[in-house]
Amino acid sequence: MPSEPASDDLDLDAIEELCAAATPGPWFVRNLDDDHAMNLVGVGTVEDTGRGENAAFIAMAREAVPRLVAEVRRLRWLVEFGACHTAGTTGTEFVLPLDDEMLAYFREMTDVLVEHIGISRAEAVARINAAYGTRQWVALDLQLMGHELPEYWAYAVYYAPDSRHRLPIGDPTADADIDFSTHPVRPAPPKDSPFWTL
């Protein structure tokens, strides 16, 4: 199913501005049971009994709305970047749709980055998403990737070419004269990018 176009009537900047201007959370539902309030239910920054369903919704919105704005921004960013139309909805850690065979292959790539290079699984997935999670790659036959070892593709998302324009490929013989401790490393995707799915 193709992505829906962004709704023009959803002003994320205005929503975010209102959220930022509100009293910092968390918020709590409070029963204002005293001589002046006469059992009014309100929202405050001090925890109370939690009674009052409508006020509970208001308090919940204080935490949920900023997360919803961030998710909409993430999905819009993916679409603008050129990610495949199922990005963020694939049900896996990867932003592009993969059949079972390719999902296992991409997870092997992740394992290579974690076990051979020593980065976190979250960073490994983010790097793979940034490199291969676009329409350009989806348009290609991803099955062609299987003609190389997972190391070949995994190293390409971590290492940049050296001064002799070489990249490690995961073959011990071919990589024998590469000094991995000084080989250039590509920057990881920005932490606020939607490629970080773990």
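Because the structure is a prediction, the values reported are computed rather than measured. (Residues numbered from 1 in each chain as written. Predicted model: local features only at pLDDT ≥ 70, side-chain atom pairs only at ≥ 80, totals over all residues. Heavy atoms only, no water.)

1. A look at the packing of helix H4 (residues 121–132) against helix H6 (residues 150–158)
- Packing of H4 against H6 leaves a shortest axis separation of 9 Å and a crossing angle of 90 degrees. With respect to H6, the axis of H4 lies roughly perpendicular. Of the residues in H6, those touching H4 at Glu123, Arg127, Ile128, Ala131 and Tyr132 are Trp153, Ala156, Val157 and Tyr158.
- Across the contact of H4 with H6, the residue classes break down as 7 nonpolar, no polar and 2 charged. (Axes fitted to C-alpha atoms, helices over the stretch in contact; angles between N-to-C directions. Helix = DSSP H or I, 4+ residues; strand = E, 2+ residues; numbered from the N terminus. Parallel < 35°, antiparallel > 145°, perpendicular 65-115°, else oblique. Contact = heavy atoms within 4.5 Å. Nonpolar A, V, L, I, M, F, W, Y, C, P; charged D, E, K, R; others polar.)

2. Overview of the environment of Asp192
- Tracing the backbone shows Asp192 in the segment after H6.
- Given the relative accessible area of 72%, Asp192 is considered exposed.
- Residues Asp192 and Ala70 lie 122 residues apart in sequence; the distance between their C-alpha atoms is 9.7 Å. (Buried < 20%, exposed > 50% of the residue type's maximum accessible area, 1.4 Å probe, protein only.)

3. With respect to the pattern of salt bridges
- For the structure shown, the criterion picks out 8 salt bridges.
- Across the pair Asp177 and Arg164 runs a salt bridge, and its minimum N-O distance is 3.8 Å. Separated by 13 residues along the polypeptide, Asp177 in the segment after H6 and Arg164 in the segment after H6 bring together distant segments of the chain.
- The class of Asp177 is partly exposed, set by a relative accessible area of 48%.
- Between Asp177 and Arg166 there is a salt bridge whose closest N-O contact spans 3.0 Å. Of this pair, Asp177 sits in the segment after H6 while Arg166 sits in the segment after H6; the two residues are 11 residues apart in sequence, bridging distant segments of the chain. (Salt bridge = Lys/Arg side-chain N within 4 Å of Asp/Glu carboxyl O.)

4. Details of the packing of aromatic side chains
- Enumeration over the complete set of coordinates arrives at 8 aromatic pairs.
- Ring centres of Tyr152 and Trp153 lie 5.0 Å apart, and the angle between their planes is 80 degrees; on these two criteria the pair is classed as edge-to-face.
- Tyr152 sits in the partly exposed class, given a relative accessible area of 31%.
- When its relative accessible area of 16% is taken as the criterion, Trp153 is described as buried.
- Ring plane angle 70 degrees and centroid distance 5.9 Å describe the contact between Tyr155 and Tyr159, whose orientation is recorded as edge-to-face. Comparing Tyr155 with Tyr159, the two get one shared label, buried.
- In this structure an aromatic cluster arises from ring pairing among Phe94, Phe106, Tyr132, Tyr152 and Trp153. (Phe/Tyr/Trp six-rings, centres within 6.5 Å; stacked < 30°, edge-to-face > 60°.)

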